[in-house]
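Listed below are the residues making up each chain.
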Amino acid sequence: MENHVCPWYYGYFLTNPLRRLFQNPDAILAPFIEEGMSVLEVGPGMGFFSLSLANLVGDSGRLYCVELQVKMLEKLNKRIQKAGLEKRAALRLCANESLRIDDLENKIDLAFVFAVAHEAADQKLFLVEIMQSLKRDGLLFISEPKGHVSLKNFEATLSFIRKSDFNIVTYPNIKGNYSVVLRKN
């Protein structure tokens, strides 16, 4: 699903602890996740949000991290193991043409797509795969960086999702991003 994918080595910048000052993963995610949930994180990179997600789902939950770049996935795996969260997280390598998540259809409580939808070569196919993974009443949390995505393009993405029988729950206030959480009907 490659279009203009962020190079793997940018992952070191994106996981910088100083980023927490303006994008705190726990504060962003906690309102939407309960222990025991199944969460899909698409494009986790080296895992800026992944450790928080794995902690929030608890021992009875499951986090599925789907990444296109092997080097990002390798670094994420090391961070997950170092944190002792490997039993809560399943790491998967996807392909340019598919997320390879057919086995997760109707099994996900929350799909988290942060600053990655604009990188998909076929954004509609990308979104359809994610939407199909969600259970009824599942949440889709999508956020795109204002520096890479115009408001017009973000609204077009939102319109496509809403036509697929999703309703807006809220617009999280995340500095530098257009963000929305939608519920699957």
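Residues numbered from 1 in each chain as written. Predicted model: local features only at pLDDT ≥ 70, side-chain atom pairs only at ≥ 80, totals over all residues. Heavy atoms only, no water.

A. Quick look at the environment of Y64. Among the structural elements, Y64 can be located in strand β2 (residues 62-67). A C-alpha to C-alpha distance of 9.4 Å links Y64 and L104, two positions 40 residues apart in sequence. (Helix = DSSP H or I, 4+ residues; strand = E, 2+ residues; numbered from the N terminus.)

B. Seen up close, the packing of helix α5 (residues 123-133) against helix α6 (residues 151-163). Remark: α5 packs on α6, axes separated minimally by 11 Å, with the N-to-C direction vectors making an angle of 45°. With respect to α6, the element α5 is oriented oblique. By crossing handedness, the relation of α5 to α6 is classed as right-handed. Residues Q123, K124, L127, V128 and M131 of α5 lie in contact with α6, whose contacting residues are T157, F160 and I161. For the contact of α5 with α6, the per-class residue count stands at five nonpolar, two polar and one charged. (Axes fitted to C-alpha atoms, helices over the stretch in contact; angles between N-to-C directions. Parallel < 35°, antiparallel > 145°, perpendicular 65-115°, else oblique. Left-handed = near helix turned anticlockwise from the far one by under 90°. Contact = heavy atoms within 4.5 Å. Nonpolar A, V, L, I, M, F, W, Y, C, P; charged D, E, K, R; others polar.)

C. Representation of the nonpolar core. L40, V113, F126 and L140 are the most contacted members of the largest nonpolar core, which totals 30 residues. Elements that contribute at least two residues to this core include exactly β1 (38-42), β2, β4 (108-114), α5, β5 (134-145), α6 and β7 (177-184). If you tally residues by element for this core, the top one is α5, at four residues. Residues in contact with L40, not counting those within four places in the same chain, are Y64, V66, I101, L104, I108, L110, A111, F112 and S133. (Core = buried A, V, L, I, M, F, W, Y, C linked by side-chain atoms within 4.5 Å. Buried < 20%, exposed > 50% of the residue type's maximum accessible area, 1.4 Å probe, protein only.)

D. Fine view of unusual backbone geometry. Despite not being glycine, N106 shows a phi value in the positive range, around 60°. Among the residues examined, N106 registers a relative accessible area of 45% and is labelled partly exposed. In this structure, A115 takes a positive phi of about 55° despite not being glycine. Structurally, A115 can be placed in the loop between β4 and α5.

E. Local environment of the sheet that holds strand β3 (residues 89-93). Across the sheet, seven strands lie side by side as β3-β2-β1-β4-β5-β7-β6; this open sheet has mixed pairing. Every interior strand has two partners, whereas the edge strands, β3 and β6 (166-170), have only one. For this sheet, the mean angle separating the axes of adjacent strands, direction not counted, is 20°. Bridge analysis of β1 against β2 gives five bridges, and the strand direction is parallel. Bridging from a neighbouring strand, S38 pairs with R62 of β2. (Pairing = 2+ DSSP bridges.)

F. Spatial organisation of the pattern of salt bridges. Under the counting rule described, the total for this entry stands at three salt bridges. The partner of R92 in a salt bridge is D103, and the shortest N-O contact between them spans 2.6 Å. You can see R92 sitting in strand β3 and its partner D103 sitting in the loop between β3 and β4, a full 11 residues away along the chain. Across the pair K135 and D109 runs a salt bridge whose closest N-O atoms are separated by 3.1 Å. Of this pair, K135 sits in strand β5 while D109 sits in strand β4; the two residues are 26 residues apart in sequence, bridging distant segments of the chain. Note on K135: relative accessible area 32%, which makes it partly exposed. (Salt bridge = Lys/Arg side-chain N within 4 Å of Asp/Glu carboxyl O.)

G. The arrangement of the packing of aromatic side chains in detail. Applying the stated criterion to the full structure yields seven aromatic pairs. The interplanar angle of 70° and the centroid separation of 5.1 Å between the aromatic rings of F112 and F141 together place this pair among those described as edge-to-face. One end of the pair, F112, is in strand β4; the other, F141, is in strand β5, with 29 residues separating them in the sequence. There is no split in this pair, since F112 and F141 are both buried. Here the aromatic cluster, defined as three or more aromatic residues joined through ring pairs, consists of F32, F48, F49, F112, F114 and F141. Over the face of the ring belonging to Y64 we find R62, whose NZ or CZ atom lies 6.0 Å from the ring centre. (Phe/Tyr/Trp six-rings, centres within 6.5 Å; stacked < 30°, edge-to-face > 60°. Lys NZ or Arg CZ within 6 Å of the ring centre and 35° of its normal.)

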